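Architecture and fold: a report
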Amino acid sequence: MVSNPILPIPGKENILITSALPYVNNVPHLGNIIGSTLSADVFSRFSKLRNRPTLFICGTDEYGTATETRALEAGVTPQALCDEYHLKHKAVYDWFDIAFDYFGRTTTEKQTEIVQDAFLKLHSKGFLEEKTTTQPFCEKHEGFLADRFVEGTCPRPGCGYEDARGDQCDKCGNLLDPFELINPRCKLDGATPVPRDTAHFFLRLDKLQGDIEKWFEKASKDGNWSSNGIAITKAWLDSGLEGRSITRDMKWGVPVPVPGFEKKVIYVWFDACFGYPSITANYTDQWEKWWKNPDEVDLYQFMGKDNVPFHTVIWPGSVIGADNDQWTLLHTLSTSEYLNYENTKFSKSRGVGVFGDGAKDTGIGPSVWRYYLLSNRPESSDTQFEWSGFATSNNNELLANLGNFVNRVIKFVNAKLDGAIPEFSSSYTDESFDFPGWIAGVNTLLAEYNKEMETVHLRAGLKKMMEISSQGNLLLQYRLDNANLVSHPERTKTVIGLALNLSALLASLCSPYMPGTGEAIVRQLNTDLKFIPDTWEPEALKPGHKLGKAEYLFQRIDDKKIAEWKEKYGGTQASRAAEEAAKEALKKKKQEDKDKKKAKKAAKKASEADESVPADLAAQVGGSADAPKTAATEDVKQLPIREKPVEK
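What counts and how
- Residues numbered from 1 in each chain as written.
- Predicted model: local features only at pLDDT ≥ 70, side-chain atom pairs only at ≥ 80, totals over all residues.
- Heavy atoms only, no water.
- UniProt positions renumbered as here; feature names shortened; annotations may be inferred.
- Pairing = 2+ DSSP bridges.
- Helix = DSSP H or I, 4+ residues; strand = E, 2+ residues; numbered from the N terminus.
- Buried < 20%, exposed > 50% of the residue type's maximum accessible area, 1.4 Å probe, protein only.
- Contact = heavy atoms within 4.5 Å.
- Disulfide = S-S within 2.5 Å.
- Axes fitted to C-alpha atoms, helices over the stretch in contact; angles between N-to-C directions.
- Parallel < 35°, antiparallel > 145°, perpendicular 65-115°, else oblique.
- Left-handed = near helix turned anticlockwise from the far one by under 90°.
- Nonpolar A, V, L, I, M, F, W, Y, C, P; charged D, E, K, R; others polar.
- Salt bridge = Lys/Arg side-chain N within 4 Å of Asp/Glu carboxyl O.
- Core = buried A, V, L, I, M, F, W, Y, C linked by side-chain atoms within 4.5 Å.
- 1 Å grid on protein atoms, 1.4 Å probe; cavity = no way out; pocket = protein on both sides within 12 Å on 5 of 7 lines; lining within 4 Å.
- Points joined across faces, edges and corners; volume = space filled by probe spheres on them.

In the nomenclature of an unreviewed UniProt entry, the protein chain corresponds to methionine--tRNA ligase from the organism Lasiosphaeria ovina. What UniProt states about the protein chain under its Sequence similarities (unreviewed entry) heading is, verbatim, "Belongs to the class-I aminoacyl-tRNA synthetase family." Looking at the Subcellular location (unreviewed entry) heading of the UniProt record, one finds this comment for the protein chain: "Cytoplasm".

In structure tokens form, the structure reads like this:
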């Protein structure tokens, strides 16, 4: 629990934000990051800069078959795997400047408490049904197989993906039943599963469909949901909801709180979304002020399109059935399509593409990564990550536009005006330039920026911010140099005053997207980051205000780096790991050979020295020509025999 938690304030516009809880079975790739956590962070920062009580919650989703599978593959316990990857996830998000108010996890007592409470309420109200079902069973290792442990060919027309899982196809996105797969196989040992009966609980979504539809119709309109989120939810509802199994024959999960089901757990379809309130409950014991306060709180949720049904059908149905209208349900849904990598798919499970920890290794700072990913955010269709586009966005947009504008005016003031803002007035007029019209134009763009951001059109908001920066460069064009300062001092000082105040506005507007850049701008301006206004105040920084030291916001990316990165990140994560391991093994072998040669040479020199020392001289220094071997020669004898590194 934190000592001073963020809480909703009655009468205020209280904003609760979540990003889809990332599975803890691997390091997140760029598609995962832009699809949920980064997008949610942008809106959270914007909301806080609009002076609203805002809470941003996320954490690792740690139960379920994905974790159990990965733990089996790694030869560790699920808990050990979760502990390791929770820290890895947090490290990636920290590097990307993603500022959660609390980043928790689902393997907690609060999660068990909240999930079991909802489960028992649904059970008592008749929304859970016990059924004997036929589940895949592996006779080779004698155990029931969770859906993800079964792989095979996707049966959906036009798909045919050969590595589809028993719960979902990564290629077409459809949810599956393991027995639908063509040529199914056990993920653990390759054996063909056989059907076997087992008892499980089903969530009666069919009985809840009317309530879910009523909620969906209102929420999707009031909250201006993204079109893909609406389409996916509507497709589920139009096809008719059916009971869905929410328990499994496995050990890693929230225990089923019903006698006779002690060896079964509640499945991730039901469990995962309760992670949001349980993580909040670990942040503050006043968590219900956020999660059971629908009249005072608006919930914004960010996710990739494959997560939509869990958030718009299954979880709303679960909490409506358990507690009627007590819960804070989804207000605005922001759903992304897929970000692909150089015309192929990122795959967390198969290691294809650039992963979060790989971005850091390029030496390019998080602001550039955030800008490129957000300017290519797949809001209505799939987009591509391309190294050439990455370099172009840095060189031709960030450096040439925003970086050039801010650096140019601050350097000029430091060099020519002793680092102080000169006397100026925003009401100044001049026949050579329409200053009032220019200010009005900035305010028009600011209003458009705010509108795009309020409706969670993050790409469009970023574009508006860069358009405002372009207005800054337009202001400076042909009007900021030594000659103008001498021949048109009042006009030039007006240009400077307006440009520095526009830089302060840009610091706030770019901060949701590039917080490090926003901090760098206000540091150079020697001021604080201000709230994002409805109307720009062009005289907020007054004459006489002293600036800080000028610094470059961005550096040019050389074309040679593009080819280097394509080569470095062109393979799969697994193959790159194998290559790195092989390089390390070769490096180690070379060092060992070098050490052996060095030791052998030292031993030879010591031996020669022993032979050349006369017996009487040796005796004078306390030694003997027949003395035992030197330490160096002993070391040679004691050197272990190394096996040749295994080639991978």
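What follows continues from the structure just given.
1. Some points on the sheet that holds strand β9 (residues 194–203)
Strand order in the open sheet formed by four strands is β5-β4-β9-β10, and the pairing between neighbours is antiparallel. Both edges of this open sheet fall to β5 (143–144) and β10 (244–245), since each of them pairs with a single strand only. Looking at chain direction, strand β4 (residues 128–138) and β5 are connected through two bridges and run antiparallel. Note on β5: the bridge partner recorded for Phe 137 is Phe 144.

2. Here we look at the environment of Leu 188
Turning to its location among the elements, Leu 188 is positioned in the loop between β8 (182–186) and β9. We classify Leu 188 as partly exposed; its relative accessible area is 37%. Spatially, the C-alpha atom of Leu 188 lies 8.7 Å from that of His 141, the residues being 47 residues apart in sequence. With residues near it in sequence (within four places) discarded, Leu 188 still touches Leu 72, His 141 and Phe 149.

3. A few points about the state of the cysteines
All told, the structure shown has zero disulfides when counted by the stated rule. Looking at Cys 138, it has no disulfide partner, and the nearest cysteine sulfur is the one in Cys 186, 3.9 Å off. Assessed through its relative accessible area of 0%, Cys 138 is described here as buried.

4. Details of the packing of helix α13 (residues 387–416) against helix α15 (residues 458–476)
Contact geometry of α13 with α15 gives a least axis separation of 9 Å together with a crossing angle of 50°. Here α13 lies oblique to α15, going by the angle between them. Both α13 and α15 take part in a crossing whose hand is left-handed. Along its contact with α13, which presents Glu 397, Leu 398, Ala 400, Asn 401, Leu 402, Asn 404, Phe 405, Arg 408 and Val 409, the element α15 presents Met 466, Ser 469, Ser 470, Gly 472, Asn 473 and Leu 476. Among the residues making up the contact of α13 with α15, the classes are represented as seven nonpolar, six polar and two charged.

5. Here we look at the sheet that holds strand β16 (residues 339–341)
Pairing is mixed across the open sheet formed by three strands, whose spatial order is β17-β16-β18. Two strands close off the open sheet at either side, each with one partner strand: β17 (344–345) and β18 (383–385). As defined by bridge partners, β16 adjoins β18 across three bridges and the pair is classed as parallel. By the bridge assignment, Asn 340 is partnered in β18 with Gln 384.

6. So, the pattern of salt bridges
Taken as a whole, this structure holds 34 salt bridges when the rule is applied. Between Arg 148 and Asp 167 there is a salt bridge; the shortest N-O distance is 3.2 Å. Here Asp 167 lies in the loop between β7 (164–165) and β8 and Arg 148 lies in the loop between β5 and β6 (150–153), a separation of 19 residues in the sequence. Of the two residues, Arg 148 and Asp 167, neither departs from the other in class, the shared state being buried.

7. Describing the nonpolar core
In a soluble, globular protein the nonpolar side chains are often hidden away together inside. Ranked by internal contacts, the top residues of the largest apolar core, which has 182 residues, are Phe 96, Phe 270, Trp 369, Phe 385, Trp 387 and Phe 390. Considering each element in turn, this core owes the most residues, twelve residues, to helix α17 (residues 489–510). Leaving out residues up to four positions away in the same chain, Trp 369 has contacts with Leu 30, Trp 95, Phe 96, Val 354, Ala 359, Thr 362, Ile 364, Phe 385, Trp 387 and Phe 390.

8. Structural notes on the layout of surface pockets
Any space left empty among the atoms is revealed by the rolling of a water-sized probe across them. The computed volume of the second largest pocket comes to approximately 890 Å³. Around the second largest pocket, the lining is made up of 35 residues, and of these Leu 175, Leu 176, Trp 236, Arg 244 and Trp 269 lie nearest the centre. The set of elements that each furnish at least two residues to the lining of the second largest pocket consists of β4, α6 (227–238) and β10. Among the elements that take part in the lining of the second largest pocket, β4 stands out by supplying four residues, more than any other.

9. Some remarks on the packing of helix α1 (residues 30–49) against helix α14 (residues 435–454)
Viewed as axis vectors pointing N to C, α1 and α14 meet at an angle of 125°, and their least axial separation amounts to 11 Å. Compared by their axis directions, α1 and α14 come out oblique. Crossing of α1 against α14: the hand is left-handed. Contacts from Val 42, Phe 43 and Phe 46 in α1 reach Tyr 449, Asn 450, Met 453 and Glu 454 in α14. Taken together, the residues of the contact of α1 with α14 sort by class into five nonpolar, one polar and one charged.

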